[in-house]
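# Observations on the model geometry
If you want the building blocks of each chain, they are given just below.
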Amino acid sequence: VSFLPQNPNFNPEDTIRNHIFKSDSPKLKIIKEYLQICEQLGQSDKIQNRYNELNELMEKQDLWNYESQISSILSVLGIKDLDIAMKTLSGGMIKKVALAQVLVEDTKLLLLDEPTNHLDISTISWLQEYLRTTKRTVLMVTHDRYFLDKLCTSVAEIERGRIRRYKGNYTSFMKQKEEAIARQQKEYDVWYYHR
């Protein structure tokens, strides 16, 4: 399970790299070191040797596609310099880094709390397409109705201590909700006038 809180928690002293790759996943640890060592190539034979070892590990564990997906996510989100301290980032960039951290984790369930807050329109469009095509299950809380309409296949409403699930997107939910209220009113009217 990967969780994106509405207001991301982070250590201000961490670099973007440390925040994004803070997972205990062995795969992510290898990719983190690989990306880091790529930036140091040509500095020494020791670095070249470690680069060769990491290449072999990436090959053995079939991590090239995973690394490519991570690089693509970072690129689309505009995250280029992974050595910048988190404390120097704007609110929008902090949200992008937190989003990247959640998306790069190798998990089956994404829990997203207000994922579009502080994001620009092009990033929201990209995220919408990413979530629409992911094989992972996505559970989100959001007030962004347009985003919900484009992505949701069902809506869960909590009302008076009960959860009711509606199939379809947000617009479909609103229509079903109106119909349910009309049915309840009709049932009440029948009961009230015939008692």
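Please refer to the structure placed before this passage.
Residues numbered from 1 in each chain as written. Predicted model: local features only at pLDDT ≥ 70, side-chain atom pairs only at ≥ 80, totals over all residues. Heavy atoms only, no water.

### Considerations on the pairing of strand β4 (residues 154–159)
Strand direction decides the pairing type here: β4 and strand β5 (residues 162–167), joined by 6 bridges, are antiparallel. Note that in β5 the partner of isoleucine 158 across the bridge is isoleucine 163. Hairpin remark: β4 followed by β5, antiparallel, with 2 residues in the connecting loop; positive phi at arginine 160, about 55°. (Pairing = 2+ DSSP bridges. Helix = DSSP H or I, 4+ residues; strand = E, 2+ residues; numbered from the N terminus.)

### Points about the side chain of histidine 19
Residue placement: histidine 19 occurs in helix α1 (residues 16–20). For histidine 19, a relative accessible area of 3% translates into the label buried. Beyond its immediate stretch of four places on either side in the chain, histidine 19 contacts Asn9, Phe10, Asp14, Met86, Val97, Ala98 and Gln101. (Buried < 20%, exposed > 50% of the residue type's maximum accessible area, 1.4 Å probe, protein only. Contact = heavy atoms within 4.5 Å.)

### Focus: a nonpolar patch on the surface
Judged by side-chain polarity, Tyr188, Trp191, Tyr192 and Tyr193 come together as a nonpolar surface patch covering roughly 520 Å² of accessible area. Residue placement: tyrosine 193 occurs in helix α8 (residues 170–193). By relative accessible area, tyrosine 193 is classed as exposed at 63%. (Patch = residues over 30% accessible without salt bridge, like charges linked within 9 Å, V, L, I, M, F, W, Y side chains within 5 Å. Areas by Shrake-Rupley, 256 points an atom, 1.4 Å probe, with all protein chains shown as cover. Salt bridge = Lys/Arg side-chain N within 4 Å of Asp/Glu carboxyl O.)

### Regarding helix α2 (residues 26–38)
The terminal C-alpha atoms of α2 lie 18 Å apart, and with 13 residues this matches the ideal 18 Å at 1.5 Å per residue to within 8%. Looking only at α2, the buried set comprises Leu28, Ile30, Ile31, Tyr34, Leu35 and Ile37. Where α2 is buried, its residues meet α1, α3 (45–60), α4 (64–76) and α5 (91–104). (Expected span 1.5 Å × (residues − 1).)

### Quick word on the nonpolar core
Within the largest apolar cluster, 50 residues are counted, with the highest numbers of intra-cluster contacts made by Ile20 and Ile79. Examining the composition of this core, we find that 9 residues originate from one element, α5, more than from any other. Not counting residues within four places of it along the chain, the set of residues in contact with isoleucine 79 comprises Ile16, Ile20, Leu74, Met93, Lys96, Val97 and Ala100. (Core = buried A, V, L, I, M, F, W, Y, C linked by side-chain atoms within 4.5 Å.)

### A short note on the sheet that holds strand β3 (residues 137–141)
One open sheet accounts for 3 strands, arranged β1-β2-β3; its pairing is parallel. Only two strands of the sheet have a single partner each, and these edge strands are β1 (2–4) and β3. The mean angle between the axes of side-by-side strands here comes to 10°, regardless of whether they run parallel or antiparallel. Pairing between strand β2 (residues 109–113) and β3: 5 bridges, direction parallel. Looking across to β3, one finds that aspartate 113 is bridged to valine 141. Lying over the sheet, α5 contacts β1 and β2, oriented at roughly 165° with respect to β1. (Axes fitted to C-alpha atoms, helices over the stretch in contact; angles between N-to-C directions.)

Treat this as a map of the structure, not an account of what it does.
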